[in-house]
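Descriptive structure summary
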Amino acid sequence: MKKLSVLIYFLYSSFTLIAQDYWQQEVNYKINVRLDDQKHALSADIQIEYINNSPNSLDRIYMHLWPNAYRNGKTALGKQLYKSGETLLTFGDESVKGGIDSLDFKVNGNKVTWEYDAKNPDICVLLLDQPLRSNER
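Residues numbered from 1 in each chain as written. Predicted model: local features only at pLDDT ≥ 70, side-chain atom pairs only at ≥ 80, totals over all residues. Heavy atoms only, no water.

**Considering unusual backbone geometry**
In plain terms, the rule: A helix here means a DSSP run of H or I that spans at least four residues, while a strand means a run of E at least two residues long, and both kinds are numbered starting from the N terminus.
Positive phi, close to 55°, is recorded for Ser-102, a residue that is not glycine. Assignment of secondary structure puts Ser-102 in the loop between α3 (88–91) and β4 (106–107). A positive phi angle is found at Asn-108, which is not glycine, with a value near 55°. When you line up the elements, Asn-108 lands in the loop between β4 and β5 (110–111).

**Things to note about the nonpolar core**
Operational definition: Nonpolar cores are built from buried Ala, Val, Leu, Ile, Met, Phe, Trp, Tyr and Cys residues. Side-chain atoms within 4.5 Å join them into one set. Three exposure classes are used, based on accessible area relative to the maximum for each residue type with a 1.4 Å probe and protein chains only: buried under 20%, partly exposed in between, and exposed over 50%. The contact definition used throughout considers only heavy atoms, calling two residues in contact when any of these lie within 4.5 Å.
The biggest cluster of nonpolar side chains holds 11 residues, and these are Tyr-50, Leu-58, Ile-61, Met-63, Leu-65, Phe-105, Val-112, Cys-124, Leu-126, Leu-128 and Leu-132. When residues of this core are traced back to their parent elements, those giving at least two are β3 (58–64) and β7 (123–132). For this core, the element with the highest residue contribution is β7, accounting for 4 residues. Setting aside residues up to four positions removed in sequence, Tyr-50 forms contacts with Gln-25, Glu-26, Val-27, Leu-58, Ile-61, Leu-132, Glu-136 and Arg-137.

**Structural notes on a nonpolar patch on the surface**
Note the cut-off: Patch construction takes residues with relative accessible area above 30% that form no salt bridge. Like charges are linked within 9 Å, and nonpolar side chains (Val, Leu, Ile, Met, Phe, Trp, Tyr) are linked within 5 Å. For the accessible areas, the method is Shrake-Rupley and the probe is 1.4 Å, while residue cover comes only from the protein chains on display. Basic side-chain nitrogens of Lys or Arg form a salt bridge, by our definition, when they fall within 4 Å of a carboxyl oxygen of Asp or Glu.
Taken together, the side chains of Tyr-29, Ile-31, Val-33, Leu-35, Leu-42, Ile-46 and Ile-48 define a hydrophobic patch exposed on the protein surface, amounting to about 740 Å² of accessible area. Looking at the nonpolar patch, the elements that each hand over two or more residues are β1 (26–36) and β2 (41–51). If you tally residues by element for the nonpolar patch, the top one is β1, at 4 residues. As for its position among the elements, Ile-31 is in strand β1.

**A look at the layout of surface pockets**
Formally: Here a cavity means grid points, on a 1 Å grid over the protein atoms only, where a 1.4 Å probe fits yet cannot get out; a pocket means an open set of points with protein on both sides within 12 Å along at least five of seven lines; lining residues are those with an atom within 4 Å of a point. Grid points are joined across faces, edges and corners, and a volume is the space filled by probe spheres set on the points. Residues are grouped as follows: Ala, Val, Leu, Ile, Met, Phe, Trp, Tyr, Cys and Pro are nonpolar; Asp, Glu, Lys and Arg are charged; every other residue, Gly included, is polar.
The computed volume of the largest pocket comes to approximately 2,000 Å³. Around the largest pocket, the lining is made up of 49 residues, and of these Ile-46, Ile-48, Met-63, Asp-104 and Phe-105 lie nearest the centre. Elements supplying a minimum of two residues to the lining of the largest pocket: β1, β2, β3, β4, β5 and β7. If you tally residues by element for the lining of the largest pocket, the top one is β2, at 10 residues. For the lining of the largest pocket, a count of residues per class yields 26 nonpolar, 11 polar and 12 charged.

**Observations concerning the packing of aromatic side chains**
Here is the rule: Stacked, tilted and edge-to-face are the three classes applied to pairs of Phe, Tyr and Trp rings, where Trp contributes its six-membered ring and a pair requires centres within 6.5 Å; stacked means planes under 30 degrees apart, edge-to-face means over 60, and tilted covers the rest.
Tallied over the full model, the rule gives 3 aromatic pairs. Plain terms: the ring middles of Phe-105 and Trp-114 are 5.4 Å apart, the flat faces sit at 75° to each other, and that makes the pair edge-to-face. Look at Phe-105 and you get buried, because its relative accessible area is 14%. Overall, the relative accessible area of 25% leaves Trp-114 in the partly exposed class. Linked through ring pairs, Phe-105, Trp-114 and Tyr-116 together constitute an aromatic cluster.

Function cannot be inferred from these measures alone, as they are strictly geometric.
Below is the structure:
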């Protein structure tokens, strides 16, 4: 029994030694939105403070563009709905679909290159001109 206890102790110790410290990115938002109820459209300016709490420098930041999930049946949401029998985003009228456009990203006031994720049109990737180091904003 004593040998088993020692073995369990060493196994547990080795797992805790390779475990990483927990961290989570922090993102703060300020959103200004205008509604055009005649065109059924919103326009917005969003200011985002992104705090890199990871131990690594980041050369890109992924942004989820939630409204683009409703663009068509090719999005992850569209595919999921289609599999469950809901075909509105795949075959429905354009009036029931939506999305976000006219995107313009800036980092510290300077335009930044960005692109849609190749597999997910509801995700974009900001390609940072300079790496965002650990604990920087």
